[in-house]
Amino acid sequence: MNALSTDLYQLTMMAGYFHREVLDVRATFELSVRRLPRNRNFLVSAGLEQALTYLEQLHFTQDQVSWLRGLPAFARVPPRFFEYLRSFRFSGDVWAMAEGTPFFPMEPILRVSAPIAEAQLLETALLAIISFQTTIASKAVRIVGAAADRSVMEFGARRAHGGLDAALFAARAAYLAGSSATSFVEAGKQFGIPLTGTMAHSWILAAPSELDAFTSYASLFGPHTVLLLDTFDVDAATTAVVHSGLRPQGVRIDSGDLGATACAVRDKLDRAGLTTTRIIASGDLDEWKIAELVAQQAPIDTFAVGTTLVTSDDAPALGGIYKLVEFDDEGAVRQVMKRSEEKATWPGRKQVWRVSTNGVCVRDVIALDDEPGPSGATALLTPVMRNGARVTAATLDDSRLHCQRMVDALPPALLVREAVAPYPVQPSERLARSIG
């Protein structure tokens, strides 16, 4: 993993810790979010798998160390620091919420305890990895919820900000949060996400006729055929399908009044005996438009969502923070916190406890790590890495099921698309005294 995928100040601080001879002093950092984005009542943690892979593989190559040594900022840094970089490996401990866990502001979703220079270097990469996938998973949960019992297909690779890497991890985060498939082939190969797709308008425009486009495609792909109906005229295209004797798996509508068009297509398909042919709708869909179509009882079986999902268009940035909360000060552990206006942090290593009644979450308590939790509460942070090595493993499908269970356990009031009264999150009495 590229150790230069960081901000310069992480490296200059590492050199500073070396200069102060505190390079190996133990410290704890926590990753959290100060506030929810607009219209969000909760967030869904994602990206832990890639974060742990980053930690396992993190190292500096000889070329990278030589290049750093030539930077003006490091002109006065002694050679021994660069020798340290050549042998650098992450050796710390990590606790984290399982991927797919809903969480709230000020709750640590990941905690790193390691020599301070190691822990410091991680900030940029961990925030980038976890914040992005968390943003997309949190958007996907809203879209999947709006679709109710209809499936959601992610197909936004071409729109992802940041290119194909962003497309890959957006597909992963969306599947974790409940989408049923992706159109992005690399995500299918890497993560085992079911692949799905239709055809482009160019396939039909390049054919001698629309009917020829349909029949030639169906002759090749058989039961996997999904036909695009709106290149010219949806009604005429549907008529061509039913009169041709084709029995496609599905048809897709990409424009116009999706609700009314779906009703007309469904009626014509059913009257021709194509009752199992599914209707897929696409075209700049988001959770609001999908909820409206569901409320209309539009006969749409699958919503294909691209741009709004992979960019989380209404809340594209997440204000994640990674802050020092505890420091071993000459053998005495010292809890630390910021008091900056609107940017204060809470001190000490912490645990998040979720309290439930009859299977429904009612409140969270953030406590210091050595405190007992409320009676019957569930601890959300668990060890995932010790001494630089993983101690747990979860498949993407495991995380997907966990996400569904955890979201289903939230109070129904939080599952609406508008912001509502915040879910109760309280510091423990001891933590509250530490905050002051």
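Our structure's up above, just so we're on the same page.
Below: a short report on this structure. (Residues numbered from 1 in each chain as written. Predicted model: local features only at pLDDT ≥ 70, side-chain atom pairs only at ≥ 80, totals over all residues. Heavy atoms only, no water.)

We now examine the overall build of the protein. When helices and strands are tallied, the protein shows 16 helices and 19 strands. Along the longest, intermediate and shortest principal axes, the C-alpha atoms of the protein span 85 × 55 × 35 Å. Taking all 436 residues of the protein together, 52% fall into the buried category. Pairs at least 24 apart in sequence give 73% of the contacts found in the protein among residues at least 6 apart. Accessible surface, the protein: about 19,700 Å² in total, of which carbon and sulfur atoms supply 53%. Distance between charge centres in the protein, computed from 42 positive and 48 negative side chains, equals 4 Å. (Helix = DSSP H or I, 4+ residues; strand = E, 2+ residues; numbered from the N terminus. Buried < 20%, exposed > 50% of the residue type's maximum accessible area, 1.4 Å probe, protein only. Contact = heavy atoms within 4.5 Å. Areas by Shrake-Rupley, 256 points an atom, 1.4 Å probe, with all protein chains shown as cover. Lys, Arg positive; Asp, Glu negative; His and termini not counted. Charge placed at Lys NZ, Arg CZ, Asp CG, Glu CD.)

Another point: the sheet that holds strand 16 (residues 378-379). Spatially, the four strands line up as an open sheet ordered 16-14-15-19, and their pairing is mixed. Each end of this open sheet is capped by a strand with a single partner; those strands are strand 16 and strand 19 (425-427). Here strand 14 (residues 350-357) pairs with strand 15 (residues 360-368) via eight bridges, running antiparallel. Opposite Trp353, over in strand 15, you have Val365 as the bridge partner. (Pairing = 2+ DSSP bridges.)

On to the sheet that holds strand 9 (residues 250-253). If you trace the six strands from one edge of the open sheet to the other, you get 7-6-11-10-9-8, paired in parallel fashion. Only two strands of the sheet have a single neighbouring strand rather than two, namely strand 7 (181-182) and strand 8 (226-228). Direction of pairing for strand 6 (residues 151-154) relative to strand 7: parallel, over a ladder of two bridges. Bridging from a neighbouring strand, Met153 pairs with Ala181 of strand 7.

Let's shift gears to the side chain of Thr311. Along the polypeptide, Thr311 turns up in the loop between helix 14 (307-310) and strand 12 (320-329). On the accessibility criterion, Thr311 (9% relative accessible area) is buried. A polar contact of 2.6 Å, which involves the side chain of Thr311, links it to the backbone oxygen of Thr307. (Polar contact = N/O pair within 3.5 Å; in protein donor to acceptor, adjacent residues only side chain to side chain.)

With the rule as written, the count across this model stands at eleven aromatic pairs. Pairing Tyr84 with Phe88 gives two aromatic rings, centres 6.0 Å apart and planes at 90°, and the pair type is edge-to-face. For the pair Phe169 and Phe191, a centre-to-centre distance of 6.1 Å together with 45° between the ring planes defines the contact as tilted. Of this pair, Phe169 sits in helix 7 (residues 164-176) while Phe191 sits in helix 8 (residues 185-191); the two residues are 22 residues apart in sequence, bridging distant segments of the chain. We classify Phe169 as partly exposed; its relative accessible area is 23%. Here the aromatic cluster, defined as three or more aromatic residues joined through ring pairs, consists of Phe18, Phe60, Phe74, Phe81, Phe82, Tyr84 and Phe88. (Phe/Tyr/Trp six-rings, centres within 6.5 Å; stacked < 30°, edge-to-face > 60°.)

Here the focus is the environment of Val33. In this structure, Val33 sits in strand 1 (residues 26-33). Note on Val33: relative accessible area 2%, which makes it buried. For the pair formed by Val33 and Arg89, sequence separation is 56 residues and the distance between their alpha carbons is 27 Å. When neighbours within four sequence positions are excluded, Val33 is seen to be in contact with Leu43, Phe103, Pro105, Met106, Leu318, Gly319 and Gly320.

A complete count under the given rule lists 22 salt bridges for this structure. A salt bridge links Arg142 to Glu287, with the shortest nitrogen-to-oxygen separation between them at 2.7 Å. Taken together, the residues span a long stretch of sequence, with Arg142 in helix 6 (residues 123-146) and Glu287 in helix 13 (residues 287-295) at a distance of 145 residues. Per residue, the accessibility class of Arg142 equals that of Glu287, and both read buried. Ionic contacts of the salt-bridge type, sharing partners, join the residues Arg40, Lys139, Arg142, Glu287, Asp313 and Asp314 into one network. (Salt bridge = Lys/Arg side-chain N within 4 Å of Asp/Glu carboxyl O.)

Among the nonpolar cores identified, the biggest contains 71 residues, and Phe42, Phe214, Leu229, Val265, Ile290, Phe303 and Val305 are the most heavily contacted of them. Among the elements that make up this core, the one with the highest residue count is helix 7 (nine residues). For Leu229, the residues in contact, after removing those within four places along its chain, are Glu210, Phe214, Val234, Ala237, Thr238, Val241, Val251, Arg252 and Val265. Formed by 57 residues, the second largest nonpolar core is a distinct cluster that contains Leu121, Leu126, Ile129 and Leu318. (Core = buried A, V, L, I, M, F, W, Y, C linked by side-chain atoms within 4.5 Å.)

Here we come to unusual backbone geometry. Note on backbone geometry: most residues besides glycine have negative phi, and most peptide bonds are trans. Positive phi is not limited to glycine here, since Ala148 has a value of about 60°. Within the fold, Ala148 resides in the loop between helix 6 and strand 6. A positive phi angle, near 60°, is found at Gln297, a position not held by glycine. Checked against the element boundaries, Gln297 lands in the loop between helix 13 and strand 11 (302-305). The exposed category is assigned to Gln297, whose relative accessible area is 64%.

Interaxial distance between helix 3 (residues 62-69) and helix 4 (residues 79-86) falls to 9 Å at its minimum, and their mutual angle equals 155°. With respect to their mutual orientation, helix 3 and helix 4 come out roughly antiparallel. Crossing of helix 3 over helix 4 shows right-handed handedness. Facing helix 3, whose interface residues are Gln62, Val65, Leu68 and Arg69, helix 4 presents Pro79, Phe82, Leu85 and Arg86. Grouping the constituent residues of the contact of helix 3 with helix 4 by class yields five nonpolar, one polar and two charged. (Axes fitted to C-alpha atoms, helices over the stretch in contact; angles between N-to-C directions. Parallel < 35°, antiparallel > 145°, perpendicular 65-115°, else oblique. Left-handed = near helix turned anticlockwise from the far one by under 90°. Nonpolar A, V, L, I, M, F, W, Y, C, P; charged D, E, K, R; others polar.)

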